[in-house]
Every structure is written in structure tokens, then in C-alpha cells.
Amino acid sequence: MEVKVKNVRKEFDKFPALKDVSLNIKSGELIALLGPSGSGKTTLLRLIAGLDFPNVGAIYFGDQDASQKSVRERNVGFVFQHYALFRHMRVLDNVGFGLKVRKKGDRPSKAEIERRAMELLDFVQLKGLEKRYPNQLSGGQRQRVALARALAIEPKVLLLDEPFGALDAQVRKELRRWLRDIHDKTGHTTVFVTHDQEEALELADRVVVMSQGRIEQVGTPDEIYDTPNSPAVFSFIGESSKLPVSIENGQLYLADRPLGLDAKGVPDGEGQLFFRPHDVEVVETGETAIVGTVVVSRRTAGTRQVELEVGGAKERVEIEIPVDHPATSRSRIAFRPKKWSVFAG
Amino acid sequence: MGRADFRNPVSESRRAKWITIFVAGVFLALVLFIPLVAVFVEAFRLGWGAVLAAITQPDALAAIRLTLLVAAISVPLNMVFGVAAAWAIAKYEFKGKAFLTTLIDLPFSVSPVIAGLVYVLLFGTGSFLGPIFNSAGMQILFAVPGVVLATMFVTFPFVARELIPLMEDQGTGDEEAAISLGASGWQTFWRVTLPNIKWGLLYGVLLSNARAMGEFGAVSVVSGRLRGETVTMPLHIEILYNEYNFAAAFAVAALLALLALVTLVLKALLERVYGRDHAGAVRH
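Procedures and definitions
- Residues numbered from 1 in each chain as written.
- Chains lettered and ligands numbered in written order.
- Predicted model: local features only at pLDDT ≥ 70, side-chain atom pairs only at ≥ 80, totals over all residues.
- Heavy atoms only, no water.
- Domains from an automatic or database assignment.
- Contact = heavy atoms within 4.5 Å.
- Buried area = accessible area lost by both parts, 1.4 Å probe.
- Salt bridge = Lys/Arg side-chain N within 4 Å of Asp/Glu carboxyl O.
- Polar contact = N/O pair within 3.5 Å; in protein donor to acceptor, adjacent residues only side chain to side chain.
- Nonpolar A, V, L, I, M, F, W, Y, C, P; charged D, E, K, R; others polar.
- Phe/Tyr/Trp six-rings, centres within 6.5 Å; stacked < 30°, edge-to-face > 60°.
- Helix = DSSP H or I, 4+ residues; strand = E, 2+ residues; numbered from the N terminus.
- Buried < 20%, exposed > 50% of the residue type's maximum accessible area, 1.4 Å probe, protein only.
- Lys NZ or Arg CZ within 6 Å of the ring centre and 35° of its normal.
- pLDDT = per-residue confidence, 0-100.
- UniProt positions renumbered as here; feature names shortened; annotations may be inferred.
- Pairing = 2+ DSSP bridges.
- Axes fitted to C-alpha atoms, helices over the stretch in contact; angles between N-to-C directions.

(A) Seen up close, the domain arrangement of chain B. Residues and elements named next belong to chain B. By the assigned domains, chain B splits into domain 1 (1–43) and domain 2 (47–281). A separation of 32 Å is found between the C-alpha centroids of domain 1 and domain 2. At the interface, five residues of domain 1 touch eight residues of domain 2. Both sides of the domain 1 and domain 2 interface together cover about 590 Å² of buried area, and 86% of this is carbon and sulfur. Where domain 1 meets domain 2, there are zero salt bridges. Run the count over domain 1 and domain 2 and you get zero residue pairs in polar contact (both at pLDDT 80 or more). Grouping the amino acids of the side of domain 1 that touches domain 2 by side-chain chemistry returns four nonpolar, no polar and one charged.

In C-alpha cells form, the structure reads like this:
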């Protein structure tokens, strides 16, 4: 099911949580809404679900305007951040709930409901736990029950709010792969919310980066990581180093020294240079490059992280260099980013 | 393991502990336990026969019937109103919410006598509403409806007060989950909300019931004390006592106390189950 969000605005007590957000989600896609807390990602997810309604704008499921439909009519599978499992019901009854509350004509028989719930529990690898109560399960198991329960209603769209937020690192990684697996098997259009960029980049077909109630960028993990379209996205995704530069004739200058880097079409004036600390090459100190003095040098597992003072000791940047490089304190290093972005201002 | 274990010798904190327990124990014995025992001792002074005679006397039977009837009407109604009020306060945001919360507490802070007087003013002969009901052939004041109204006023807060913190703590997540799975509002209430609050609700109902059967002040004002008609058990006890019929007064009092004790035992049993249930109900 294709989902379209058109110019949506949502306010809570006059405070705008979403400001004019538009997004097209393709059928069968796995999409991550990524952003810091307060960026509006959960609000957007709840609007798609129909748990909240937009003040302005519309949400389409396929060609149908779903804006005025309640969550009940939209037929979405929603997995809540804290799972919201029904604590007084056994796992099996939790999973079968969506079928049990159907209208008489559409409701499968009791035996059929039980059979399908068992099938789903098998699918999420929880066979044998059907008689347990939610408080007798681990966090990861609860997460699986919540997903099986959402899948039981054969939803048009699967929505997950911070699906791995409450789990420890090991279980998180495991469940992440597993969710990708489930998505590939069922082919549901899936949207999940996360503040963990690693999770978003690893799992999603496309990532929607949000901040302060707006969508900053939408793209594949590669696009988001390699060509961020704003300083905000660049510094939010992955490690980043930044330097204030001036631009003259399409070339970058730092404290009047040329850096040998192209301005990539940014007009002359002040600008900001962004690059990844690991995406640099060390060059001879005589070349036109960024030259700095080593202030801190840290050995980590595979690389050496070096903090440099550049531009007359006014700025500090971090780069990663090979471990065999003799980066002693106060020594001078020249480097050039292999990939970089320039933003005006 | 408290910090006190290795800070100071235990002697002092132990002494403090015993003193506290002793004070509380003596106080409870003097104020609660001895009088309660006295009621039963006094009641059975003339033997089983006298107690039975006092209880089966027609006016006493009428009082027992009326008390049970009033409880049977007011408790279920308060249960419905209490759940509705708690639901509104715990799950919705609206203007005047703080005011409504205060209003629910009003019967706790107002003297029951005043509650009774309010109904006299509302439905009395000189009032606006009284003649309307009278001309419709309905007697409110000095009749069973008045007694029920006064009892409801006094017992209203118990269910709501019990449920509000519970429902606020549980939030709306479970309800949202149920609706997203296709449940109607009604199904959500019966299958999700009610099971989540059932122990708290039962507890509130028991407290409400105990108070409904024992209420004196408010009922005394509106009842008119027509023997065999508008006299509840507490009123009957007072009438007997004022007539120097101490044996009968204590016999009926013992029965009323017994009803309260049964309620308390039920409540204690519930707390056990509820406590166990609640441990598993804490949000994960």
C-alpha cells in the first residue's frame, strides 16, 4: 500500500510539532523516520496511523484520502514503543485479539483464530510460549509478540515506534536483522521511528531525516551518508568534522591559505566545509592542503584519531589516520578530505 | 539492607521501633478494638435469644431491608459514575479538569449533615423542585429516594478516587493498541480497560458499600425517621438507644459491625490478590 503525506501540519497546544511535511512512501518499502527527540518523527508516525489527526494537510492510503478515517478503519499494524501488550491476556490471546474483536460476519471461528495466532507465533519464533503472560517474557520476546499481534490483522501498513528502543545492545542487533527478514518475507509497507542512525542506515530502504518538525532529507542510506544536503544532516549522521572557510573563485581558503579544494558550486563568500574524519588522505606538508598541529592523538582499535589545531590555532578538527603514522604531539600533519561538502553561511 | 545496619549500634533504632509500635497498638486498642469488642459483648449479654429477637423484630427487619436496598441502588450507580469520572479525568485533557477533581473530593470534605440539608433545601416544601415531584406523585424527601440520594452523595468519591491514580498510571497505551487492532470503544472498555482496573474497582466498590450501609448523618436529615419505612440500620440503632432499649440497640449494632467486618476481610483478601497482580502490572 502506497502512503502519501501531503503538506501536513500538526500543533499541540499551539506548539507546532510538524510544519508542512510531505512524504511519499512506496508500496512495500521499509522506511526509517530518523531524528533527535522532539523532531516530530513519532508525531508523523501517529498521524499516518490515525492515532492523531493533522491540523492542515492530508494523508492518502493509495488513492484514498484517509485523513478523516480513524485508526480502526485504516487497518494499520502499530507496534508501540513499550509494546502495550494486554497484561491480563496470555500471549496467544494477545496475538489473536485483532481477529477476536472483528464483526460477526468477518470473524473467523475460535479454532481458526487460535490456529492463525499459533502460526504467527511460530513465524516470530515464539513457539512454546503461547500460554505465558507478558510479564513472564523478556523484552525481546515482548517485542516479537507485539509484532505478531500487529501482523495478525493483515495490515495494509506496518508502523513501529522506536521498535528497539527499550532493548539492550545485543538483542537490538539481532532483532534488527530479524525485522528486515520479516519485512522481506511479508512485503508490508513498513515505517519505523528511530533516533539511532546506525539502525536507520542498516535497516531501511530509505531514510527520512527529521529535525524540528521538518523533513531535512529523504534518501537511500548511501545518499544520506555520502551527500547530506544540509549542515544539520551532515552533523547528525555519522562522525563529522567542520571548518569555517572562505570561498573565492570557486576555491576554498582557510585563513587566506588555499586548501586545494573545489567549492562545488557554492557562491563566493563565507562557507562551512564538512567532511568525515575517516575520509581523508594524509599528504606531504608542502602541498596545498589543510595543515594542522597535533594536540591529541588517541589509538583506537583499527585507527588513530588525531585532533588538529588549524588556521592559526583557532579551529580544531578531528581526523583518522593509519595507526603506523608517527603522529606525535606538536608534529604537523597535512591532509585533504577525499569527499567533502560545502555549505554557504 | 538499610544503611542503619552498619552505621550505629542497633539498640536505639530498635527501641524507637518498639515505642512506635506500642503507641500505635495502644491507640488502636483503646479507640478501635475495645469498643468493637464491647459492642459484641454488650449485644450477647442477654444471650442469643435476645439478639435474635431484637434482629427479627419487624422494625429491625425493615431497617435491615432498607439498608441493603439503599446499598444495592447507590453502590452500582456510584460504580458507573465513578468509572466514568475516573476515565474522563485520567484519559482526557479538558478545561475544568482540576475543578472536576476537586468536586469529586467534596463529599469527603463536607460534613454529611450538610449534604443532607442540601437535599432538604432542594426537595423540601418551600423549594423549587419539591412541589414538582410532589405533584407528579413522587415523594423524594422523607422517603426512600431521599435516603438513596443522600447515601450516593456521601459515597460518590470512593470508586473514582481509587481508580484515578490507577488509570493515570496505566495511561492510554493499551486502549490505543486495542483500537488500532480494530476493537470498538465498547470492546476496548470490556476487554482491555476493565480487566486492567478490576481489582482497584472492586476495592473502591467495597469501601463505597461499607460507607453506604453505615452512613448516619446525611441519611438522618432526609429520612424523617418513619419507623419501618425510612429508617436504616444506623438510624434504627439510635432510635433504640434513645428509648433506653440498650440490648436491642447493641444487637443491631453488632449485626451492622459484622457487615463492616465482612467487608474488611474481603478487602484484605483483595489486597493480597491485588498486590500480587499489581506487581505484574507495572509497565515494562
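That shown, we press on.
(B) Structural context of the packing of aromatic side chains. Per the counting criterion, the structure on display carries 16 aromatic pairs over all chains. Here A:F275 and A:F335 contribute two aromatic rings whose centre-to-centre distance is 5.7 Å and whose plane-to-plane angle is 55°, an arrangement assigned as tilted. In this pair, A:F275 sits in strand β14 (residues 269–275) while A:F335 sits in strand β19 (residues 332–337), placing the two residues 60 residues apart along the sequence. Assessed through its relative accessible area of 0%, A:F335 is described here as buried. Aromatic ring contacts, followed pair by pair, group B:W87, B:W186, B:F189 and B:W190 into a single cluster. Its guanidinium or amino end placed over the ring of A:Y60, A:K6 lies 4.7 Å from that ring's centre, counting from NZ or CZ.

(C) Structural view of the confidence of the model for chain A. Taken residue by residue, chain A gives an average pLDDT of 91. The fraction at 70 or more is 100%. Model confidence for chain A, summarised as mean pLDDT per element, is weakest for strand β13 (residues 257–262) of chain A at 87 and strongest for strand β3 (residues 30–34) of chain A at 96.

(D) Structural detail: the interface of chain A and chain B. Between chain A and chain B, the contact holds 23 residues from the first and 21 residues from the second. When chain A packs against chain B, the two sides together hide about 2,100 Å² of surface, and 57% of this comes from carbon and sulfur. When the buried area of chain A at its contact with chain B is split by residue, A:R72, A:R87 and A:V101 rank highest and sum to 32% of it. Along the contact surface separating chain A from chain B lie two salt bridges. A:R87 is paired through a salt bridge with B:D174; the nearest N and O atoms lie 3.1 Å apart. The tally of links from chain A across to chain B stands at seven residue pairs in polar contact (both at pLDDT 80 or more). The set of elements that each furnish at least two residues to the side of chain A that touches chain B consists of α2 (71–74), β6 (76–79), α3 (91–100) and α5 (139–151) of chain A.

(E) Examining the UniProt feature "domain: ABC transporter" (unreviewed entry) in chain A more closely. According to UniProt, the positions carrying the feature "domain: ABC transporter" (unreviewed entry) are residues 3–237 of chain A. Spanning residues 3–237 of chain A, this segment combines 37% helix with 26% strand, and its end C-alpha atoms are found 26 Å apart.

(F) Examining unusual backbone geometry more closely. Residue and element names in this part refer to chain A. In this structure, Q125 takes a positive phi of about 60° despite not being glycine. With respect to the helices and strands, the residue Q125 is situated in the loop between α4 (110–123) and α5. Although it is not a glycine, E162 adopts a positive phi angle of roughly 40°. Structurally, E162 can be placed in the loop between β7 (157–161) and α6 (169–186). For E162, a relative accessible area of 7% gives the class buried.

(G) View of the sheet that holds β3(A). Residues and elements named next belong to chain A. The strand order across the open sheet built from six strands is β6-β7-β8-β3-β9-β10, with neighbouring strands paired in mixed fashion. With one partner strand each, in any of the chains shown, β6 and β10 (214–219) form the two edges of the open sheet. When strand polarity is set aside, the average angle formed by the axes of neighbouring strands in this sheet is 15°. Pairing of β3 with strand β8 (residues 189–194), which is carried by five bridges, proceeds in the parallel orientation. Looking at the pairing, L33 lines up with V193 of β8. Each of β6 and β7 is contacted by α5, which is oriented at about 170° to β6, the strand it contacts most.

(H) Fine view of the confidence of the model for chain B. All names here are of chain B. With 92% of its residues at a pLDDT of at least 70, chain B reaches an overall mean of 87. Of the regions scoring below 50 in pLDDT, residues 1–5 engages in zero contacts with residues more than four places distant in sequence or in other chains. Overall, residues 278–284 carries pLDDT values under 50, and its contacts beyond four positions in sequence, including any with other chains, amount to ten contacts.

(I) Structural context of the pattern of salt bridges. Residues and elements named next belong to chain A. In this structure the tally under the stated criterion is 30 salt bridges over all chains. Note that R180 and D205 form a salt bridge whose closest N and O atoms lie 3.1 Å from each other. One end of the pair, R180, is in helix α6; the other, D205, is in the loop between α7 (197–203) and β9 (206–211), with 25 residues separating them in the sequence. The closest approach of N and O atoms between E318 and R298, which form a salt bridge, is 3.2 Å.

(J) Structural context of the domain arrangement of chain A. Residue and element names in this part refer to chain A. Under the domain assignment, chain A is made up of domain 1 (3–234) and domain 2 (239–344). Placing the centre of domain 1 and that of domain 2 at their C-alpha centroids yields a distance of 41 Å. With eight residues of domain 1 in contact, the opposing surface of domain 2 contributes nine residues. When domain 1 packs against domain 2, close to 760 Å² is buried across both sides, 57% of that on carbon and sulfur atoms. Summed over the three residues of domain 1 that lose the most area to domain 2, namely Y225, P231 and F234, the buried surface amounts to 78% of that side. For the pair domain 1 and domain 2, the number of links is three residue pairs in polar contact (both at pLDDT 80 or more). Only α8 (221–226) and α9 (231–236) provide two or more residues apiece to the side of domain 1 that touches domain 2.

(K) Up close: the pairing of strand β11 (residues 241–248) of chain A. All names here are of chain A. In this structure, β11 lies alongside β14, joined through seven bridges in antiparallel fashion. If you follow L243 over to β14, its bridge partner there is L273. Two elements, β11 and strand β12 (residues 251–254), share three bridges in a ladder whose sense is antiparallel. Bridging across to β12, E248 finds its partner in Q251. Connecting β11 to the next strand, β12, in antiparallel fashion are two residues, including N249 with a positive phi near 50°.

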